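# Geometric and topological summary
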Amino acid sequence: MSPPSRRDVLLGTAFVLMGDAASKAGVLRGQLPWSANAGSPPQPITESGWLFFNPDEAAAVEAIADRIIPPDASTPGGKEAGCAVYIDRQLIGPFGSSAGLYTSAPFVTGTPQQGAQSPDPPAVVYRKSLAALDRQCRAQTGKPFAQLSSEQQDPLLSGLESGSLQLEGANGKAFFEMLLKNMQEGFFADPIYGGNKDMCGWKMIGYPGAHYDYRDWVGRHNERYPHPPVSIAGRPEWTPKRT
Amino acid sequence: MTTKLPAKDAVIIGLGWTGSILAHELTEAGLDVIAIERGPWRNTATDFAPNYAQDELRYRIRHELFLQPAQTTFTFRNKMDQNALPIRNWGAFMPPNGVGGGGVHWNAETWRFLPSDFVLRTHLTQRYGAKFLPQDMSIQDWGVTYDELEPHYDRFEYLCGTSGTAGNLNGQIQPGGNPFEGPRSRPYPTPAQQQPFSHALFGKAAAELGYKPFPQPSGNLSQAYTNPLNVRMGPCTYCGFCEWFGCGNYSKASPQTTLLPVLMRKANFEARDLCEVTRINTDSSGKRATGVTFVDASGNEYEQPADLVILSAFTIFNVQLLLLSKIGTPYDPLSNKGVIGRNFTHQTISDVESFFDKSKFNFNPFIASGAIGMCIDEFNGDNFDHGPHGFVGGGYMGQVQTNGRPIQTAPIPPGTPRWGAKWKDAVRDNYLSALKPGTGVHGSMYSYRDVYVDLDPTYRDRFDRPLARITMDFHDNEIKQNAFLTDKFAEIFRAMGAQQVHKIYRKAPYDVTEYQTTHLCGGAVMGTDPKTSAVNRFSQSWDVPNLFVTGASNFPQNAGYNPTGTLAALAFWSAQAIRSRYLRNPGPLVPA
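Just so we're clear, the structure is a prediction, and the values are computed from it rather than from any experiment. (Residues numbered from 1 in each chain as written. Chains lettered and ligands numbered in written order. Predicted model: local features only at pLDDT ≥ 70, side-chain atom pairs only at ≥ 80, totals over all residues.)

### Details of the overall build of chain A
For clarity, the cut-off: A run of H or I in DSSP counts as a helix once it spans at least four residues, and a run of E counts as a strand once it spans at least two, with each numbered from the N terminus. Each residue is classed by its C-beta neighbour count within 10 Å, where at least 20 other C-beta atoms makes it buried, 12 or fewer makes it exposed, and intermediate counts make it partly exposed; the C-beta atoms are placed from backbone geometry.
In terms of regular secondary structure, chain A is built from 8 helices and 1 strand. Taking the principal axes of its C-alpha atoms as reference, chain A extends roughly 70 × 65 × 45 Å. Per-residue burial for chain A yields a buried fraction of 37% across its 243 residues.

### Describing the sheet that holds strand E22 (residues 466-471) of chain B
Residues and elements named next belong to chain B. The criterion, for reference: Strands qualify as paired when DSSP identifies two bridges or more between them. Two residues form a contact once the distance between their C-beta atoms, set from the backbone, is within 7 Å. The angle between two axes is taken between their N-to-C directions and runs from 0 to 180 degrees, where each axis is a line fitted to C-alpha atoms and a helix contributes only its stretch in contact.
Taken in spatial order, the 4 strands line up as E5-E4-E22-E21 in an open sheet, and their pairing is mixed. Strands with a single pairing partner mark the edges of an open sheet, and in this sheet they are strand E5 (85-86) and strand E21 (452-460). As defined by bridge partners, strand E4 (residues 74-77) adjoins E5 across 2 bridges and the pair is classed as antiparallel. From the neighbouring strand, Thr75 faces E5, where its bridge partner is Pro86. Seen against the sheet, helix H10 (residues 315-324) touches E4, E21 and E22 and runs at an angle of roughly 70° to E21.

### Examining the packing of helix H2 (residues 55-68) of chain A against helix H4 (residues 83-92) of chain A
Residue and element names in this part refer to chain A. Put simply, the rule is: We call two directions roughly parallel when the angle between them is under 35 degrees, roughly antiparallel when it is over 145, roughly perpendicular when it lies between 65 and 115, and oblique otherwise. Handedness of a crossing is defined here by the sense of rotation of the near helix relative to the far one, left-handed for an anticlockwise turn of less than a right angle and right-handed for a clockwise turn. Gly is placed with the polar residues, together with every amino acid not listed as nonpolar (Ala, Val, Leu, Ile, Met, Phe, Trp, Tyr, Cys and Pro) or charged (Asp, Glu, Lys and Arg).
It is at 8 Å that the axes of H2 and H4 come closest, and there the two elements cross at 130°. By the angle between their axes, H2 is oblique relative to H4. In this structure, the crossing between H2 and H4 has a hand that is right-handed. For the pair H2 and H4, contact is made by Ala58, Val61, Glu62 and Ala65 and by Cys83, Ala84 and Ile87, respectively. Considered class by class, the residues forming the contact of H2 with H4 number 6 nonpolar, no polar and 1 charged.

### Description of the environment of B:Gly393
Within the secondary structure, B:Gly393 is located in the loop between strand E17 (374-376) and strand E18 (395-399). Ignoring anything within four residues of it in the chain, the contact list for B:Gly393 reads B:Gly443, B:Ser444, B:Tyr446, B:Asn477, B:Glu478, B:Gln481 and B:Gly560.

### Some thoughts on the packing of helix H1 (residues 17-28) of chain B against helix H13 (residues 564-582) of chain B
Residues and elements named next belong to chain B. For the pair H1 and H13, interaxial distance at closest approach is 9 Å and the crossing angle is 25°. Taken together, H1 and H13 sit at an angle that is classed as roughly parallel. Note that H1 runs across H13; the crossing there is right-handed. Contacts from Trp17, Thr18, Ile21, Leu22, Glu25 and Leu26 of H1 reach H13 at Thr564, Leu567, Ala568, Ala571, Phe572, Ala575, Ile578 and Arg579. Of the residues contributing to the contact of H1 with H13, the split by class is 10 nonpolar, 2 polar and 2 charged.

### Things to note about the interface of chain A and chain B
Opposite the 72 residues of chain A that make contact, chain B presents 77 residues. At the level of elements, helix H1 (6-18), strand E1 (26-29), H2, helix H7 (172-188) and helix H8 (200-205) of chain A are the ones that each hand at least two residues to the side of chain A that touches chain B. With 9 residues, the top contributor of residues to the side of chain A that touches chain B is H1(A). In terms of residue class, the side of chain A that touches chain B is built from 39 nonpolar, 21 polar and 12 charged. Bridge analysis of E1(A) against strand E11 (residues 269-273) of chain B gives 4 bridges, and the strand direction is antiparallel. Across the sheet, residue A:Gly26 finds its bridge partner in E11(B), namely B:Asp273.

### Notes on the nonpolar core
Residues and elements named next belong to chain B. Applicable threshold: The nonpolar core is taken to be a set of buried Ala, Val, Leu, Ile, Met, Phe, Trp, Tyr and Cys residues joined by way of C-beta atoms within 7 Å.
Core analysis: the largest hydrophobic core is formed by 221 residues, its most contacted members being Ile12 and Val309. The leading source of residues in this core is H13, at 10 residues. Apart from the residues within four sequence positions on either side, Ile12 is in contact with Gly19, Leu22, Ala23, Val33, Ala35, Ile310 and Ser312. Grouped together as the second largest cluster of nonpolar side chains are 7 residues, Ile139, Phe391, Val392 and Met445 included.

### Details of H10(B)
Buried residues dominate H10(B), accounting for 9 of its 10 residues. Positive backbone phi, approximately 55°, marks B:Lys326, located one or two places after H10(B).

### Looking at the confidence of the model for chain A
Worth spelling out the cut-off: For every residue, the predictor reports its confidence as pLDDT, a number between 0 and 100.
Here chain A shows a mean pLDDT of 90. Residues at 70 or above account for 90%. In the predicted structure, residues 1-22 of chain A sits below a pLDDT of 50 and forms 19 contacts with residues beyond four places in sequence or in another chain.

### A few points about the pairing of E21(B)
Residue and element names in this part refer to chain B. By the bridge criterion, 5 bridges tie E21 to E22 in an arrangement that is antiparallel. What sits directly across from Leu455, in E22, is Ala468. The hairpin turn running from E21 into E22, its antiparallel successor, is 5 residues long, and Asp464 in that turn takes a positive phi close to 65°.

### Let's talk about unusual backbone geometry
A:Pro106 follows A:Ala105 through a cis peptide bond whose omega is 0°. Here A:Pro106 shows up in the loop between H4 and helix H5 (122-141). Here the amide bond leading from B:Ala508 into B:Pro509 is cis, since omega sits at -5°, within 30 degrees of zero. Its location among the elements puts B:Pro509 in the loop between strand E23 (500-504) and strand E24 (521-523). A positive phi angle is found at A:Met199, which is not glycine, with a value near 60°. Mapping A:Met199 onto the fold places it in the loop between H7 and H8. Overall, the presence of 22 C-beta atoms within 10 Å leaves A:Met199 in the buried class.

### A few points about the environment of B:Asn89
Residues and elements named next belong to chain B. Structurally, Asn89 can be placed in the loop between E5 and helix H4 (102-105). Classification of Asn89 as partly exposed rests on a count of 16 C-beta atoms within 10 Å. Distance in space between the C-alpha atoms of Asn89 and Phe214 is 37 Å, their sequence separation being 125 residues.

Here it is in C-alpha cells:
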C-alpha cells in the first residue's frame, strides 16, 4: 500500500472537521427525507465545576465578570449570572478550539479590515492572557488580579481595552475584546449555556426570551409586554423538583 | 478512483433558491435531473424546530446554519497592491450551506428592482451625460428589462405568498404602496404584515415629512397561504428570529416551504447532499460541458455526466468554479479584459440608532419579523435628481428592525462606556425605548474596475484548490451616496420624537469583519456583449452554451434592494428560455 498523498491527507482531516450526525452523503429521491423524532436540540451544560479553567483562571475570570457587569441592587453581576461558567464551557467546546474556522497557514498580520489572523484559538488566548495578567499583577502588587480591589482592577481592564497595558506574550487588546464579547454573550444567551442565571439578563431589560408567538401583541402599540421570560428549557416553575 | 455515474439530462450545482427553481422547471419539462449540494439536507422539523430555533448564541453568534470556513473561505484585500488574507471567521457576509441555501436563513425581504436599474448605464448617461459617471465605474445594462421580468417576479411572489401592498398596478399608482415601483400585473398574494409600534411610527413620521411610506414586501406571511403548487404555509408569529435562523413555523418562504415538497416527490429528480462539485468538465473543444466531478463526504470522487449544467451555487462560488474549471476568460483589471470575476459588488449599508424617552416610548423590539417594517423609496435608484449631489445610486430606507435579540441588539447612547456599571444602566434604560434598524439604509453598490474576484496565489481549500480572492473597497460615489441617505434617514427618527440620534455612516475601507448583508453580487454578470459579460441575457454562458449560471452572480451591479426577488425572477426567466427554446434547439440563445 502506498503512503497517502497530500491530497488524501487533506481530505481526511477536512472530512473529520465537517463531521456531525448527518455527515454521511446520501441520494435523496422519491420523497422528503424523514425520520421520526429526528432533531438536533442544543446540549445544556452540566453542573460540575470548572472544565477548562484552573482555579486561578476561574478566580480571575469571575472577578473580571463582576467588573464588566457589576452587581447592583436589582440585578446580579457577571459572576453570579454565571458568565465565567458560560465562558468555561465555551472554551472546552468548538469555540475554544476554533473548530470549523479556517486555520491554514500562513498566519500573516494584515489590516484591521482583514480580520483576526492569529493561529491561537480562544482557549489558548484565554490561557496565555490570564496567566500574563496574573503574573503582571503579582509582580506589581504581590497579588493576583482576583485579589485586587475593584479600584485597582478597573484601571487594569481599561488599560487592556485601550492598549496602554501590554501583556507579556499575549495581545491584551484582542483579549479584552474577546472577554467583552464573551461576557455579554454569557449574560444574554439562553441560560442553558451556563450564564444568564434565572434569566437575570433578560429580566433586567424586559426581553421575553425564546418566546414563540407575538401575534396578540404586534398591534398593541406602546404597551409593555407583561409576561416573564422563557428559556429554551422552559421556566423553573414549569419543572418543579419532585419531592 | 472516480466512479462514473449514469448520465442525466441536467445536473444542478447547489440546491438553494435558484437551483430549486431550475430543478422544478426542468423536471416539469420532462428532463431527468440531479442536484448536487455541498451541505446537508435540512428540514423544518429536524433542523429548526420551534422549541429550539430561537437561540441567538447557537445560530447568530456561532453561525450553525452556515458554511464553515474550514470547508472553504475566501481571501480578502481592499486594494490590488495589498496582500490578501483569508477570512478565518465570517463577518461581512454569511455564505450559506445546505439544501435551501440562503433561502433557509434569509430575512425574506422580497423586492423588485426598479425598471431603470436594468438599463442603468443607458438611463444615467441619457439623464446626466456620460461624464457624470466616475471613469472607473463599470456599470452596464443587464440585457433584460423589467417588463420582460415582470411575469417572473410575479411567479416568485405567488410561489412564496409574499405579503405586501401594491404601489403600481398595471400603471395605476395605488395608495399605501411604493409609488416608485415598476408596474405589477396583480396585487401581492397576501396583504402586508401588521406593523409593530416603532415601524408604524416611522411610517407616520415619514408621511408627515411628505414621503410615501409603504410596508416592506415580506416573505414572512401575514396569513396562511396555499401556493400554486398546493404547498401550504402558516402565518408568521413575529417571533423575531428570521435572518441567521430557520423558521420553525413554515411561515418564511424558502425552498423547503414552497418547492421541495413537490420537487422531491418527482420520479425524474434526485438530490445528493454533502457532495461538493469540484469542477465542471468540458470536452476537448472547451465549448461543451460534459458534466461535473464531485466528492462526497467520505472522500469518494464521482463523475456525473449530463447534457445540461446549471451552476446555481452562492455568488462567489459560481465565480470560483468557473475559474477553476477554466470556463470563460478570467477578468484582468490591468488590461480591463476578461469577464469571470468582473463587476463584483456588495451593498452600501448604514444605520441610525435612536434613543427615546423611556417614560413615553416602549417599542418591544423583540416583536418583529425579518421583512417587517415601513420603508420609503424616494432616495432609491434614480428616483430623485442626482444632478446637484455628484453621485449616482441610492437605496430604500426604513425602520426595518428585525429583532430585539439582546446579544446583538442592546443599543447604548454614544459616549457610554462599553462595560461596567454605566454600561449596565444604559442597557437597562434603553433596551425597550431605543431603535436600531440594522440595515436601515439599504444602498446600491455599483461596479468598478478594481473590485473583482480572482484566484488566490497562496491560500487553498480542503481539496487543495486555490481560494477565491476578493479585492473590494468602497468608492467615493458610494460614500457620498451613503452620507446623503443616512442624513435623510436620521431626520425621520428625529421627527418620530427621538431625543438622541446616532448616525453610523458607511465609510471606506470596506471591512470584512463587520456584517453588511449577504448580498454579494456579480462576478459572472449578464449582458449583451461577450467582452463584458460572462452570460447572455438568459444566463447562458457565452463560452459553453450548455451551461447556465444563475443567481446574483449575474447582476452587473447591485441595486438599492435585497437581491432575492430579482435573482429568483431571473431563474424563472432563464428556465422559460431553456424550456421554450433551448431544449428544442440546444445551442446559443443569443448569437455571440
